[in-house]
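A structural walkthrough
Residue strings, one per chain:
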Amino acid sequence: MKEIQVYSILEKVRSEKPLVHHITNWVTIYDCANIVKILGASPVMAHAQEEVADMTALASALVLNIGTLTTDIIAAMKIAGAVANKKGIPVLLDACGAGATPFRDEKCFELQGNIKIDIVKGNSSEIARLAGVAVQTKGVDAVEVEQNLIHIAQELACSWNCTVVITGREDIVADNKNALYRVNNGHHMMAKIVGTGCMAASVIGTFAAVERDYALAAAAGLCCYGIAAECAAEKTQAPGAFKERLFDCVDNLNRDIIEKRMRIS
Amino acid sequence: MKEIQVYSILEKVRSEKPLVHHITNWVTIYDCANIVKILGASPVMAHAQEEVADMTALASALVLNIGTLTTDIIAAMKIAGAVANKKGIPVLLDACGAGATPFRDEKCFELQGNIKIDIVKGNSSEIARLAGVAVQTKGVDAVEVEQNLIHIAQELACSWNCTVVITGREDIVADNKNALYRVNNGHHMMAKIVGTGCMAASVIGTFAAVERDYALAAAAGLCCYGIAAECAAEKTQAPGAFKERLFDCVDNLNRDIIEKRMRIS
Amino acid sequence: MKEIQVYSILEKVRSEKPLVHHITNWVTIYDCANIVKILGASPVMAHAQEEVADMTALASALVLNIGTLTTDIIAAMKIAGAVANKKGIPVLLDACGAGATPFRDEKCFELQGNIKIDIVKGNSSEIARLAGVAVQTKGVDAVEVEQNLIHIAQELACSWNCTVVITGREDIVADNKNALYRVNNGHHMMAKIVGTGCMAASVIGTFAAVERDYALAAAAGLCCYGIAAECAAEKTQAPGAFKERLFDCVDNLNRDIIEKRMRIS
């Protein structure tokens, strides 16, 4: 991938300002909305079953995050997902906490059985669980997975017929058409605060709203987001300050910074 | 309006510390509570139908925000609104996302039909929609409205028999007794982050808790809030840092700053 | 208490990284998660009745906060509490807003009747109300209580058979085995922003996850948290900046800082 590709997707986000509809969790809902806004796009959060179809019909991408799922929220996700599928806009599932409880696993598979998930994103143990590995997530934090993560991503991409994103020290993006990206941007400070994983999903959803090659969109989004984190961490390693600077550095991304820093292979 | 009027309402907020009950959305709920607290008042957020009547009975103002509405939330709003009406405390409706889905429009009208709304606040397309203009809001972001906004505000003020606030580059406040204020404080940085619109409603609700001329309260509140944003933007134009400074600058408001900067006509 | 005891509990949090399950309110849910994460532990927030038993089964402590309670949330708390009791992990109840509405009082007593609460935490009027004093809380803010707070804490500790924490200018911790701690760390800036009370509960819950003497855990947690607030307030007295620094100073706590500053009697 060339730096120009990454930058041009970011530019498209900034010029098209796509509406990104979220049905998400109550912990990081503000941060997810804010990162989309600061990328230059337009976030909307709505979860009433009576309106999610209409809201999705206005949107250019749908981000589903099961961080604080309930059966009502899952029902809303199915309604919104069906509209998104029909309209042909990307549906991203952040499998937040998959592997922690049977309820989360079950609902992920139920969503996947009911709607076409275009991109599924999680940390190593979340994705491993969806791929059938017997691993127990520690709440919403990743635990060590012994199997090869690239292999897990590619297998799940084939079985779900979608793009798979595993976030971590190295982010892995694989789709079912042999695309494979390894993104080495990012900083360990991201793991010190709550919300960076959920925001990653919102970033990918926003990039996918303007780029139909979803693996490319995901890799480009993670690259930009990771570069912003690197810039923020150069300014501070204090967690409260880092989070503020992360938003500032997303706002500040430009072609030059991306060119100098991008590490996608 | 004189600067002394604006400042004296702010002083009254700080000395009386009114309790401001919110039934609001899950995206900006923290920011709404925090801005009320930093103004010197006392925020409370409660939405269970079993307790909203009791909570409103303790309060000096009621702020309703439909940002992430559900039918349960609307039912709670009706209960709280009825108590507020009976008690004679101001009810403010932030018509967040009106015009985006039929459900939002319908619920705004249902609230207005069931309880007396004293102040309705929205961006240009939200208020236009409530006034009957055929405009489609982009999620929760404003779209261009071709009609004259002052005319729309005044018409809605008469038909709803209340005070109408349209926020934007210039904020417009109109009531049904010929009051009209145009507030030109504020900064375009406010549009770069999520939550500034919802916080504006909380600020107005807090000012209305201590000043029964609601148009005056709304204009004074928006003026103070806008001045704080101007001060914050002079310190930084980075979005994460700006938001932090916005709280600091609200805390820092004094008569001198208001006198120098207020732009209400 | 010696400073080495306080520090060693913090060190245990950082090395064991306990999973702390919260069923909490929508206002401060992010801050509660973030403070736990920055302490070095692992927060998880989940409230669906279908999964709270499984999530609690993975956890080392359970924090219940009724800030935006509903009957569904209370039902989830009972399920989670029963699992926590059976497993022998600490259950902390933050009686947020007790005394404001009959619904809150009733639900606190209902929880206490259904599950074993190990630690109950509140401000002076919240705890006074649970102890049977006729006091009316102002939303979620404390009002003056005329009775002796230590006496109230000790009485409630005996009647509920648990550890009682009253936060305020001086924090009081009492249990039913004659332990009594008065923690004089902290700063009045904590009262200027929303969320510091809820975060205190999360801090205590996190310390109790690794220290089975709950009164000691509570006092040590409040001491560390209060010291972080003092450090933050030395850097800034602006409320937005203070909050960011509070997280940074929690991250920065070490034995030396604790030794110099701890004020527990």
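The structure under discussion appears in the preceding block.
Nothing here was measured: the structure is a model prediction, and the numbers come from that model. In every chain, residue numbers begin from 1 and rise along the written sequence. Ligands are numbered from 1 and chains lettered from A, in the order in which they are written. The predicted origin of the model limits local features to residues at a pLDDT of at least 70 and limits the giving and counting of side-chain atom pairs to 80 or more, whereas totals for whole chains, interfaces and linings rest on all residues. To obtain the side-chain values, all non-hydrogen atoms of the structure were included, while hydrogens and water were left out.

Thoughts on the overall build of chain A
A run of H or I in DSSP becomes a helix once it reaches four residues, and a run of E becomes a strand once it reaches two; helices and strands are each numbered from the N terminus. When helices and strands are counted, chain A shows 11 helices and eight strands. Here the C-alpha atoms of chain A give a radius of gyration of 17 Å, agreeing with the 18 Å that 2.2 N^0.38 yields for 265 residues. Principal-axis analysis of the C-alpha atoms gives chain A an extent of 45 × 40 × 35 Å. Working definition: with a 1.4 Å probe on protein chains only, accessible area under 20% of the residue-type maximum means buried, over 50% means exposed, and in between means partly exposed. Relative to its full complement of 265 residues, chain A shows a buried share of 66%. Put simply, the radius of gyration uses C-alpha atoms, and a globule should come to 2.2 Å times the residue count raised to 0.38.

Considering the interface of chain B and chain A
Contacts are assigned to residue pairs that have any heavy atoms within 4.5 Å of one another. Facing 33 residues of chain B, the contacting portion of chain A comprises 26 residues. In this description, buried area is defined as the sum, over both parts, of the accessible area (probe of 1.4 Å) that is lost when the two are combined. When the two sides are added together, the surface that chain B and chain A hide from each other amounts to roughly 2300 Å², 59% of it contributed by carbon and sulfur. The term salt bridge refers to a side-chain nitrogen of Lys or Arg lying within 4 Å of a carboxyl oxygen of Asp or Glu. Linking chain B with chain A are three salt bridges, by the criterion used here. In this structure, the salt-bridge partner of aspartate 141 of chain B is lysine 37 of chain A, at a minimum N-O distance of 3.0 Å. Any pair of nitrogen or oxygen atoms within 3.5 Å is treated as a polar contact; in protein, a donor-acceptor pairing is required on top of that, and neighbouring residues in sequence qualify only through side-chain atoms on both sides. Counting across the interface, chain B meets chain A through 10 residue pairs in polar contact (both at pLDDT 80 or more). Sorting the residues of the side of chain B that touches chain A by element identifies α5 (102-114) and α10 (239-251) of chain B as the ones contributing at least two each. No other element matches α10 of chain B, which puts six residues into the side of chain B that touches chain A.

What to know about unusual backbone geometry
Although it is not a glycine, asparagine 178 of chain A sits at a positive phi angle of roughly 75°. By secondary structure assignment, the location of asparagine 178 of chain A is in the loop between β7 (171-174) and β8 (180-183).

With respect to the packing of helix α9 (residues 214-235) of chain A against helix α10 (residues 239-251) of chain A
All names here are of chain A. Following both chains from N to C, one finds α9 and α10 inclined at 130°, their axes separated by 8 Å at the closest point. Judged by the inter-axis angle, α9 sits oblique to α10. Of the two elements, α9 crosses α10, and the hand of that crossing is right-handed. Here Tyr225, Ala228, Ala229, Cys231, Ala232, Ala233 and Lys235 of α9 come into contact with α10, specifically with Phe242, Arg245, Leu246, Cys249 and Val250. Residue classes follow a fixed rule: Ala, Val, Leu, Ile, Met, Phe, Trp, Tyr, Cys and Pro count as nonpolar, while Asp, Glu, Lys and Arg count as charged, and any other residue, Gly among them, counts as polar. Split by residue class, the contact of α9 with α10 holds 10 nonpolar, no polar and two charged. Comment: axis = line fitted to C-alpha atoms, over the contacting stretch for helices; angle = value between 0 and 180 degrees taken between N-to-C directions. Throughout this description, any angle smaller than 35 degrees is read as roughly parallel, any larger than 145 degrees as roughly antiparallel, any in the 65 to 115 degree range as roughly perpendicular, and the remainder as oblique. Crossings are assigned a handedness: left-handed for a near helix turned anticlockwise from the far helix by less than a right angle, right-handed for a clockwise turn.

Remarks on the relation of the copies chain C and chain A
With an RMSD of 0.0 Å, chain C superimposes on chain A once it is rotated by 120° and translated 0.0 Å along the axis. What the superposition gives is, in effect, a three-fold axis relating one chain to the other. Scanning chain C for the C-alpha nearest the rotation axis identifies tryptophan 26 of chain C, at a separation of 3.7 Å. C-alpha atoms of residues with pLDDT of at least 70 in both copies form the basis for the least-squares superposition of the copies.

Section: empty space enclosed by the protein
Where empty space is left in the structure can be found by rolling a water-sized probe over the atoms. Here a cavity means grid points, on a 1 Å grid over the protein atoms only, where a 1.4 Å probe fits yet cannot get out; a pocket means an open set of points with protein on both sides within 12 Å along at least five of seven lines; lining residues are those with an atom within 4 Å of a point. Grid points are joined across faces, edges and corners, and a volume is the space filled by probe spheres set on the points. What the rule picks out here adds up to four cavities of 30 Å³ or more. Of the voids in this model, the largest cavity is the one considered here, and its volume is about 650 Å³. Surrounding the largest cavity, 35 residues form its lining, Tyr30, Asp31 and Lys243 of chain A, Lys243 of chain B together with Lys243 of chain C being those nearest its centre. For the lining of the largest cavity, the elements supplying multiple residues, two or more each, are α2 (29-39) and α10 of chain A, α2 (29-39) and α10 of chain B together with α2 (29-39) and α10 (239-251) of chain C. Of the residues contributing to the lining of the largest cavity, the split by class is 17 nonpolar, nine polar and nine charged.

Re the environment of serine 202 of chain A
Residues and elements named next belong to chain A. Locating serine 202 in the fold gives a position in helix α8 (residues 196-208). What makes serine 202 buried here is its relative accessible area of 0%. Here the alpha-carbon distance between serine 202 and tyrosine 7, two residues 195 residues apart in the chain, equals 17 Å. Those residues within four positions of serine 202 in sequence are excluded, and the remaining contacts are His22, Cys32, Ile35 and Val36. Engagement of the side chain of serine 202 in a polar contact is seen with the side chain of histidine 22, the distance being 2.8 Å.

Details of the interface of chain C and chain A
At the junction of the two partners, chain C supplies 26 residues and chain A supplies 32 residues. When chain C packs against chain A, close to 2300 Å² is buried across both sides, 59% of that on carbon and sulfur atoms. Counting across the interface, chain C meets chain A through three salt bridges. In this structure, the connection of chain C to chain A is made through 11 residue pairs in polar contact (both at pLDDT 80 or more). Of all the elements in the fold, those that place two or more residues in the side of chain C that touches chain A are α2, β2 (42-45), α3 (52-58) and α10 of chain C. Here the element with the most residues in the side of chain C that touches chain A is α2 of chain C; it accounts for six residues. Partitioned by chemical class, the residues of the side of chain C that touches chain A number 14 nonpolar, three polar and nine charged.

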